[in-house]
Amino acid sequence: MNWRVKATLVVMMLMTLCVSGLAEEMLDLSELDSLEEAQTLEEPLAQKEWTYPIPYELLKASDYLVLVNRDNLLGEDDIPADLVDDLTCRKISYDPIRLRETAANALQVMFDAAQEEGIYLYAHSGYRSYQTQNTMYYNRLKSNNGVDDGVVQYPGASEHQSGLAIDIINKAGIGKKFTSAFGTTKEGLWVAEHCWDYGFVVRYQPDKEDLTGITAEPWHLRYVGVQVAQYMRSENLCLEEFTAQWKEAAAAYEAAE
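Overview of the structure. Bear in mind the structure is a predicted one, so any value in this text is a computation, not a measurement. (Residues numbered from 1 in each chain as written. Predicted model: local features only at pLDDT ≥ 70, side-chain atom pairs only at ≥ 80, totals over all residues. Heavy atoms only, no water.)

**Here we look at the packing of aromatic side chains**
Aromatic ring pairs are reported here in terms of the distance separating the ring centres and the angle at which the planes meet. All chains considered together, the criterion is met by 12 aromatic pairs. The interplanar angle of 55 degrees and the centroid separation of 4.9 Å between the aromatic rings of Tyr-56 and Tyr-253 together place this pair among those described as tilted. With Tyr-56 in helix α4 (residues 56–61) and Tyr-253 in helix α10 (residues 239–255), this residue pair connects regions lying 197 residues apart in the sequence. Considered together, Tyr-56 and Tyr-253 belong to a single accessibility category, that of buried residues. When the centroid spacing of 5.1 Å and the interplanar angle of 85 degrees are considered together, the rings of Tyr-137 and Tyr-138 count as edge-to-face. (Phe/Tyr/Trp six-rings, centres within 6.5 Å; stacked < 30°, edge-to-face > 60°. Helix = DSSP H or I, 4+ residues; strand = E, 2+ residues; numbered from the N terminus. Buried < 20%, exposed > 50% of the residue type's maximum accessible area, 1.4 Å probe, protein only.)

See below:
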């Protein structure tokens, strides 16, 4: 019998006994013990424990962790609401570069920290709309005999549309094509060592190409937040690996409810 029903019956019995003046003599205290036991059994036996290194609430609430690739496309109408009109940090030109506000602020702090160590970084490109990416992609196909060589991302698959990705370069690289050689420069080496402490990850690592589907890009940074970035560095995870890992942990945690 449900404990609430039993409680109601006991209360009714007490009222009846009180009226007759026999409550103290006839009340069976075992009924109260069984009620308490029934209520206890319906409560959780133990509080679930979240053991993953990143807080559950952060993982579920953060919109900085969106995975963007060929298997996880952004839609044509996916436009971040908090884009800044232009970055305040050093840029390759006066043309505006847009980025989500938190990422833009973190980038400025990182650039300032780099400059204190004699490292001068330049922002090259940030937010890119779906329409712009679509034009770039089909222009690339047209100039490459219709072959998708991976140089330009498929529309919806570019992290730049998220407003969380930024391409950076050193002064010597301005006006030149991006190459992996940036990773061997003092600026590229500084970024590879320190960007994680400001919430950025080097998104496309040379040892993760089979997972990301993208050749190494030491100039392409992606904002995920400091705690996540530092964890990804310590575990040598790309965003695909991290996303699969934390979602598996969350699914197991939620299934235990």
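That was the structure; now back to the text.
**A closer look at the pattern of salt bridges**
With the rule as written, the count across this model stands at 11 salt bridges. Asp-63 is paired through a salt bridge with Arg-100; the nearest N and O atoms lie 3.0 Å apart. Taken together, the positions of Asp-63 in the loop between α4 and α5 (101–116) and Arg-100 in the loop between α4 and α5 put the pair 37 residues apart, joining distant regions of the chain. For Arg-222, the salt bridge is made with Glu-159, and the minimal N-O distance between the two is 2.7 Å. (Salt bridge = Lys/Arg side-chain N within 4 Å of Asp/Glu carboxyl O.)

**Observations concerning the pairing of strand β4 (residues 217–223)**
Consecutive residues of a regular strand have side chains that alternate between opposite faces of the sheet. With respect to burial, β4 is a largely interior element, seven of its seven residues being buried. Judged from the three bridges that link them, strand β2 (residues 165–169) and β4 form a sheet pairing that is antiparallel. Bridge assignment links Ala-165 to a residue of β4, and that residue is Arg-222. As paired strands, strand β3 (residues 200–204) and β4 are joined by four bridges and run antiparallel to one another. Looking across to β4, one finds that Tyr-204 is bridged to Glu-217. (Pairing = 2+ DSSP bridges.)

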